[in-house]
Amino acid sequence: MHDQRLKDIVPFVASVECGSFAAAAERLHVTGSAISKSVSRLERRLGSQLLERTTRSLALTDAGQAYYQTCTRIMEELLEAEAVLAAQRTIPAGRLRLAAPTTYGRLGVMPVLLPFCQRHPELEISMAFSDRFVDLFEEGIDVAVRIGHAADLPASVGSRLLGREKMVFCASPGYLAQYGQPTNRAELLQHKAILYERVDGSAKPWLLTTEDGHADWCEAPCRMALGDVDAQVQAVCAGLGIGQMPTWLIRQQLKSGELCVILPGIQPDGLALNLVWPRRKQLLPKVDALLAALNNLDIGASVLAEIAGQRESGKE
């Protein structure tokens, strides 16, 4: 029975794509009568009319449209699986579509993606930069980089946790020279804050660690609220106030001394960095190779240790 179901799907899809039973029969090298009987048999088994038939054309019913979309998706997945199993080479080739958050994509993903492309010249890379939620299946994404919560994923989606952001409070040396460096939580909350503005227009408060180790959202005097992280970095570097940002975002500013870290002990970790992908594509050599490369993405956890090492070397 299951074998017959698959056999009936192919004539149905061909009829829709060719526009007539006769054209579908020519494509599949069978008779028009065989195509018509196959589609009728499928409709009887499903208990729904899939096609409106006229003497000159075929048109999908609402039920037929929904069933056609399901059938084409299944057939595409079968073709991909067969291509993987039949492939004798492991050289990644073909089109590969990636998605990443805008700023992290530029600062974190591109330094890994460029040498990956150089190693695999047979790949055609397409990358979407967007801070919105990207649907893997609707938008044909092979691999997505996501910063944030990745639980409750469907079984059709694979995921890999790469680490968590290291958040820090920071300010320019000029600001600290003018207003003083806070030495505790209470003093920090008296300083001018450069905050991130959410989509709804509200300013995101600072996240601190309490004495018993819990995360605590705290309000601070807001000097500026900016809906763009690059603009937020510029404002903090200009000495307008103190910002709370992930180390991957301000790596260069911290290394150059343009920004200084403040009270790192009261700062909890930030959001998680995850890779997600359609599980059915993981066997493809091109996707497997990309996942391996992106496993080396840097979330900025080592920046503070690098800065400390530079300072120690400077003392010697």
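Preceding this paragraph is the structure being described.
Sequence positions are assigned chain by chain, starting from 1 and proceeding in written order. Per-residue local features are limited, in this predicted model, to residues with pLDDT of at least 70; the limit for side-chain atom pairs, both in listing and counting, is 80 or more; totals at the level of whole chains, interfaces and linings are taken over all residues. Side-chain calculation: all heavy atoms of the structure are included, whereas hydrogens and water are not.

A. Quick peek at helix H3 (residues 32–46). Relative to the 21 Å expected for 15 residues at 1.5 Å per residue, H3 spans 21 Å between its end C-alpha atoms, a close match to the ideal helical length. Buried residues of H3: Ile35, Ser38, Val39, Leu42 and Glu43, and no others. Here the buried residues of H3 occupy an arc of 135° about the axis, which is enough to place them on one side. Exposed residues pointing more than 90 degrees away from the buried face of H3 are listed as Lys37 and Arg44. Helix and strand labels come from DSSP, where a helix needs a run of H or I of at least four residues and a strand needs a run of E of at least two; each type is numbered from the N terminus. Gly47 lies just past H3 and shows a positive phi near 70°. An expected span of 1.5 Å times one less than the residue number is assigned to each helix. Residue exposure (1.4 Å probe, protein chains only): buried if accessible area is under 20% of the type maximum, exposed if over 50%, otherwise partly exposed. To obtain the arc, one takes the directions from the helix axis to the C-beta atoms.

B. Representation of helix H5 (residues 102–119). Taking 1.5 Å as the rise per residue, H5 with 18 residues should run 26 Å; its terminal C-alpha atoms sit 24 Å apart, in good agreement. We define the bend at each residue as the angle formed by axes fitted to the 7 residues ending at it and the 7 residues starting at it. The axis of H5 is deflected most strongly, by about 55°, at Val109, and proline Pro111 appears within four residues downstream. Buried-residue contacts for H5 involve strand S3 (94–100), strand S4 (123–129), strand S5 (143–147), helix H8 (229–237), strand S14 (269–278) and helix H10 (285–294). Residue contacts are counted whenever heavy atoms from the two residues lie within 4.5 Å of one another.

C. Unusual backbone geometry, seen in detail. Located in the positive-phi region is His29, a residue other than glycine, with phi close to 60°. Here Leu263, not a glycine, exhibits a phi torsion of approximately 45°, which is positive. By secondary structure assignment, the location of Leu263 is in the loop between strand S13 (260–262) and S14.

D. Inspection of the state of the cysteines at higher detail. For this text, the term disulfide refers to a pair of cysteine sulfurs within 2.5 Å. Under the criterion given, the structure shown has zero disulfides. Unpaired in terms of disulfides, Cys18 finds its nearest cysteine sulfur in Cys71, a separation of 15 Å. You can call Cys18 partly exposed: its relative accessible area is 26%. No disulfide involves Cys237; its nearest neighbouring cysteine sulfur is the one of Cys170, lying 7.6 Å away. For Cys237, a relative accessible area of 18% puts it in the buried group.

E. Region of interest: the pairing of S4. Note: S3 against S4, seven bridges, orientation parallel. The residue bridging Ala100 from the neighbouring strand is Phe129, located in S4. Every crossover in which the path from the first strand over the helix to the second runs clockwise, viewed with the strands pointing away from the viewer, is termed right-handed. Considered for its hand, the β-α-β crossover made up of S3, H5 and S4 is right-handed. For two strands to be treated as a pair, DSSP must find at least two bridges joining them.

F. Quick peek at the packing of aromatic side chains. Side-chain rings of Phe, Tyr and Trp (the six-membered ring for Trp) are treated as a pair once their centres are within 6.5 Å; stacked means planes under 30 degrees apart, edge-to-face means over 60, and tilted covers the remaining angles. Taken as a whole and judged by the stated rule, the model has five aromatic pairs. Geometrically, the ring pair formed by Phe12 and Tyr67 is tilted, given 5.7 Å between the ring centres and 45° between the ring planes. Of this pair, Phe12 sits in helix H1 (residues 2–18) while Tyr67 sits in helix H4 (residues 62–86), placing them 55 residues apart in sequence. Each member of the pair Phe12 and Tyr67 is classed as buried. Pairwise contacts between aromatic rings join Phe12, Tyr67 and Tyr68 into one cluster.

G. Representation of the packing of H5 against H10 in the model. Closest axis-to-axis distance for the H5/H10 pair is 10 Å, and the angle between their directions is 135°. The angle between the axes of H5 and H10 places the two elements in the oblique class. In this structure, H5 crosses over H10, and the sense of that crossing is right-handed. Residues Val109, Val112, Leu113, Phe116 and Arg119 of H5 pack against Ala289, Leu290, Ala293 and Leu294 of H10. Each residue is assigned to one of three groups, with Ala, Val, Leu, Ile, Met, Phe, Trp, Tyr, Cys and Pro labelled nonpolar, Asp, Glu, Lys and Arg labelled charged, and all others, Gly among them, labelled polar. Taken together, the residues of the contact of H5 with H10 break down into eight nonpolar, no polar and one charged. Lines fitted to the C-alpha atoms define the axes, with helices restricted to the stretch that makes contact. Angles between their N-to-C directions range from 0 to 180 degrees. When describing relative orientation, an angle under 35 degrees is termed roughly parallel and one over 145 degrees roughly antiparallel, while 65 to 115 degrees is termed roughly perpendicular and anything else oblique. Left-handed describes a crossing in which the near helix is turned anticlockwise from the far one by less than a right angle; the clockwise case is right-handed.

H. Fine view of the pattern of salt bridges. Basic side-chain nitrogens of Lys or Arg form a salt bridge, by our definition, when they fall within 4 Å of a carboxyl oxygen of Asp or Glu. Applying the stated criterion across every chain yields a total of nine salt bridges. Ionic pairing is found between Arg27 and Glu17, a salt bridge with its closest N-O pair at 2.9 Å. Of this pair, Arg27 sits in helix H2 (residues 21–28) while Glu17 is found in helix H1, placing the two residues 10 residues apart along the sequence. With a shortest N-O distance of 2.9 Å, Asp142 and Lys281 are connected by a salt bridge. Highlighted residues: Asp142 in the loop between S4 and S5 and Lys281 in the loop between S14 and H10, separated in sequence by 139 residues. In terms of burial, Asp142 and Lys281 fall into one category: buried.

I. Up close: the pairing of strand S12 (residues 242–246). In terms of burial, S12 is largely enclosed, as five of its five residues are buried. Here S12 shows no split at all, with Ile242, Gln244 and Pro246 on one side and Gly243 and Met245 on the other all buried. Relative to S12, strand S6 (residues 157–171) runs antiparallel, the two being bridged by four bridges. Opposite Phe169, over in S12, you have Gln244 as the bridge partner.

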